[in-house]
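Take a look at the letters that make up each chain.
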Amino acid sequence: AHATVTAAKTESGLDCVSQRADTITMVALSPRSLLERSRTPGGRKMIRYSLVSVISVIVSQIVLFIAQSFYSARTSNIIAVCVSAVPSYYLNRAWAWGKTGKSHLMKEIVPFWSLALLGLIFSTWAADFAETNAHHITSSDLGARLVVNFAALAAFGVLWVGKFFIFNKVLFAHRPEPSLPAAGG
């Protein structure tokens, strides 16, 4: 595969090296490079997205664990995802992407909830599968509940990276408003 390496000065004057192999951009992962990246608008957005994800995971995992005392893993996961998706939407929209004002139904709400539904389906399948097979791993109720929690968490982890790119490029992308032609011209 054809690969190119480019070096560029960032706004802070620091050298930033990235490699491009076909259409995949590779970024240096050294601590210094990551710290420099965290100071850029995109880096701050990624950190905020990550923190919102941490909050959502904590809420979802607690609700899932508690709900399993009363319901099946499938029902418990549906409840957990529905509870955690609401703060996830608002925190991602307002804090991570800095969007204000009324949400746009077709550009933000429908795509976000479509992704949430995808996560719900995948994590519910994983939770149900884990509950069905947990007895192969453990004989305790606590162990089985933890296996279900881990399976749901792993399912969301698989989708996490892809969701960032969809949120960043589609849902909450800043689109400049079209400007009106200058008068008198």
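Residues numbered from 1 in each chain as written. Predicted model: local features only at pLDDT ≥ 70, side-chain atom pairs only at ≥ 80, totals over all residues. Heavy atoms only, no water.

## A closer look at the environment of P41
On the secondary structure map, P41 appears in helix α2 (residues 41-67). In sequence terms P41 and W97 are 56 residues apart; their C-alpha atoms lie 9.9 Å from each other. (Helix = DSSP H or I, 4+ residues; strand = E, 2+ residues; numbered from the N terminus.)

## Considerations on the packing of aromatic side chains
Under the criterion given, the structure shown has six aromatic pairs. Relative to Y90, the ring of Y89 lies with its centre 5.1 Å away and its plane at 85°, an arrangement referred to as edge-to-face. Exposure remark for Y90: the relative accessible area of 53% places this residue in the exposed category. Here the aromatic rings of W125 and F129 are separated by 5.5 Å at their centres, their planes lie at 20°, and the arrangement is stacked. One end of the pair, W125, and the other, F129, are both in helix α4 (residues 105-133), four residues apart, so they sit about a helical turn from each other. The class of F129 is partly exposed, set by a relative accessible area of 47%. Here the aromatic residues Y89, Y90, F112 and W113 are joined through ring pairs into a cluster of three or more. Above the plane of the ring of F65 lies R145, whose end atom (NZ or CZ) is 4.1 Å from the centre. (Phe/Tyr/Trp six-rings, centres within 6.5 Å; stacked < 30°, edge-to-face > 60°. Buried < 20%, exposed > 50% of the residue type's maximum accessible area, 1.4 Å probe, protein only. Lys NZ or Arg CZ within 6 Å of the ring centre and 35° of its normal.)

## Topic: the confidence of the model for the protein
A low pLDDT score tells you not to read the predicted coordinates there in detail. Averaged over every residue, the pLDDT of the protein is 80; residues scoring 70 or more account for 78%. When mean pLDDT is compared element by element in the protein, helix α3 (residues 73-96) scores highest at 92, while strand β2 (residues 15-21) scores lowest at 45. The low-confidence segment residues 1-22, where pLDDT is below 50, has 34 contacts with residues more than four positions distant or belonging to other chains. (pLDDT = per-residue confidence, 0-100. Contact = heavy atoms within 4.5 Å.)

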